[in-house]
Structure formats: structure tokens, C-alpha cells
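Examination of the molecular architecture
Listed below, chain by chain, are the residues.
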Amino acid sequence: MLSYTDLKKGAVFLMNDAPHEVLEANFSRMQQRKAVVQAKIKNLATGKTVDATFQASDYFEEADVQKRPLVFLYAHRGEYFFAEPDKSSTFPPSGGKVLDKKQNRFSLKEEAVGDAARWLKPDTELTAVFFGDTLLTFSLPIKMDFVVTDAPPGVQGDRAQGGTKTVRLETGAMIQVPLFINTGDVIRVNTETEEYAERVSKSDN
């Protein structure tokens, strides 16, 4: 069992029969009051994040979750499909990959994927979190490369903007980049900060 002092960042526990992950936790002792832990927790089954306060009388069962590699395949009608690495076959309609009929594949609804959908592209290997045989969530690689599909001309920018401009990436995500980035360039993005990191290659045009 986990006590309230065990609910530190990264801990995964069961609450209301659902696995929750601690995103932030702070131990607080108010004057003339009992110590509490104020935390931000994420329901891994629904993706919902809430603020919670735990006290000394609270105990929770540790959730038995596993982390496994998965590859993102494609999205269709608000559902995102994944497969285990090296166990996929070509899926002509999307150009992505799906598992053979005899093999398992996994999916998540759009609301569970959340903002991470902005960075998902076919064949991206992810670290997935499972609760039993159920896919709960996943984490993206910290650095990912994307093709710039639309970039305005690299004119001198407004100094208030720090000499940057907004471009569109192959996934549809919009990001601020330096003025020298052009359509067709491949850039590296930090998916945690959602910021431009570097240019990987220049367009042939």
C-alpha cells in the first residue's frame, strides 16, 4: 500500500478502481493543521487531469502498470491505432501500418490521446503504458523530426517576436521557428516543450 507521502511525481496508484499517475506533488504543512500532499494527478484510463489533496489517513494500492514499446500506425474517425514493433504489415488506404488479422493491435480514443496527437506520425515508436492488457497512454520521444509543409517567406521579423515565424508541420501542428526555415526543411522539435530545437536538413528547392 502507498501512503500519502509515497505519492510523489511518477507514482502510479489505484483510486476508484482506476490507475492514476502523479504529475506534481507538494508536501504542505499549514499552521495548526495536519500535513497534506497537494498533487496534480492524471486518470490514465480517461486522460483527465485533476488537482487532489491527500492526508495521513489516505492509503492506496500501487497500480501494476507496464511500459512497452509500440508503434503508431494511423488515425481514423477519432481513434488512434498502435502495434508492437516489427509485427506490422502495409495498410494501403492510409499508407501506414496495421497488424495482421491474427495479431493484436491497440487503440486509443481521441480524448485519451489529447494534445499528443499534434506530434503523431506513422511509424513513430512510443513508450506505451499498459494496465493488464489495456493500453492506457503513451509518451512521445523527446526529440522528433518533422517536414515543414508551409512556411512564410523569411523576411525580417518583428523584434518583439524574437525573429521567428509560424510554420506548419506535416502533422498539422503549428510552431515558432527561426526566420531561415523554409517549406520542405526537416526540423527537430522538443515534444515536451513543443519548441523548435534545430534544422536537420534543408529543402532541395
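Residues numbered from 1 in each chain as written. Predicted model: local features only at pLDDT ≥ 70, side-chain atom pairs only at ≥ 80, totals over all residues. Heavy atoms only, no water.

Moving on: the overall build of the chain. When you go through the chain residue by residue, the secondary structure sums to one helix and 18 strands. Relative to its 205 residues, the chain shows a buried fraction of 37%. Sequence-distant contacts, at least 24 apart, represent 46% of the contacts inside the chain between residues at least 6 apart. Working note: accessible area of the chain is about 12,800 Å², and carbon and sulfur atoms make up 44% of it. (Helix = DSSP H or I, 4+ residues; strand = E, 2+ residues; numbered from the N terminus. Buried < 20%, exposed > 50% of the residue type's maximum accessible area, 1.4 Å probe, protein only. Contact = heavy atoms within 4.5 Å. Areas by Shrake-Rupley, 256 points an atom, 1.4 Å probe, with all protein chains shown as cover.)

Another aspect to go through is the nonpolar core. Within the largest apolar cluster, 29 residues are counted, with the highest numbers of intra-cluster contacts made by F82, F138 and L169. In contact with F138, other than residues within four places in its own chain, are F82, L108, V113, A116, L120, L126, T127, A128 and V129. Ranked by size, the runner-up nonpolar core spans 14 residues in total, among them V37, I41, A52 and F60. (Core = buried A, V, L, I, M, F, W, Y, C linked by side-chain atoms within 4.5 Å.)

So, on to the packing of aromatic side chains. Using the criterion set out here, one finds 10 aromatic pairs in the structure. Each ring, one from Y4 and one from F27, has its centre 6.2 Å from the other, and the planes form 45 degrees; the classification is tilted. Linking Y4 in the loop between β1 (2-3) and β2 (12-15) with F27 in strand β3 (residues 18-28), this pair joins segments that are 23 residues apart in sequence. Seen from their ring centres, Y74 and F81 are 4.9 Å apart, and the 20 degrees between their planes marks the pair as stacked. Overall, the relative accessible area of 11% leaves F81 in the buried class. Put simply, the rings of F72, Y80, F82 and F138 pair up and form one aromatic cluster. The lysine or arginine in question, R68, covers the ring of F130, its NZ or CZ lying 3.9 Å from the ring centre. (Phe/Tyr/Trp six-rings, centres within 6.5 Å; stacked < 30°, edge-to-face > 60°. Lys NZ or Arg CZ within 6 Å of the ring centre and 35° of its normal.)

Positive phi outside glycine occurs at D17, with the angle close to 65 degrees. For D17, a relative accessible area of 74% corresponds to the exposed category. Positive phi, normally seen in glycine, also occurs at D123, with a value near 75 degrees.

Here we take up the sheet that holds strand β18 (residues 195-201). Reading across the sheet, the five strands line up as β16-β15-β14-β17-β18 and stay open at both edges, with antiparallel pairing between neighbours. With one partner strand each, in any of the chains shown, β16 (174-178) and β18 form the two edges of the open sheet. On average, adjacent strands in this sheet sit at an angle of 55 degrees to one another, irrespective of strand direction. By the bridge criterion, five bridges tie strand β14 (residues 143-150) to strand β17 (residues 186-190) in an arrangement that is antiparallel. Of the residues in β17, the one forming a bridge with M144 is V189. (Pairing = 2+ DSSP bridges. Axes fitted to C-alpha atoms, helices over the stretch in contact; angles between N-to-C directions.)

Take the sheet that holds β2 next. With antiparallel pairing, the six strands of this open sheet are ordered in space as β1-β6-β2-β3-β4-β5. Taken across any chain shown, the strands that pair with only one partner, and hence form the sheet edges, are β1 and β5 (49-55). For β1 and strand β6 (residues 59-62), the ladder comprises two bridges, and the chain directions are antiparallel. Pairing of L2 across the sheet is with F60, part of β6.

Per-residue confidence for the chain gives a mean pLDDT of 86, with 85% of residues at or over 70. Predicted confidence is poor over residues 88-102, with pLDDT under 50, and the contacts of this stretch with residues over four places away or in other chains come to 28 contacts. (pLDDT = per-residue confidence, 0-100.)

The next thing to look at is the pattern of salt bridges. Between side chains of opposite charge, a pair can form when the charged atoms approach closely. This model, assessed by the stated rule, comprises seven salt bridges. For the salt bridge of R68 with E84, the shortest nitrogen-to-oxygen distance reads 3.3 Å. Residue R68 is found in strand β7 (residues 65-76), and its partner E84 is found in the loop between β8 (79-83) and β9 (88-91); the two are separated by 16 residues along the sequence. Residue classification places R68 among the partly exposed residues on the basis of a relative accessible area of 25%. A residue is classified by how much of its surface remains accessible, and E84, at 25% relative accessible area, is partly exposed. Close ionic contact of R188 with D145 constitutes a salt bridge, the shortest N to O distance being 2.7 Å. Of the two residues, R188 sits in strand β17 while D145 sits in strand β14, which places them 43 residues apart along the sequence. With a relative accessible area of 25%, D145 lands in the partly exposed category. A single network of salt bridges, built from pairs that share partners, joins D145, R188 and E198. (Salt bridge = Lys/Arg side-chain N within 4 Å of Asp/Glu carboxyl O.)

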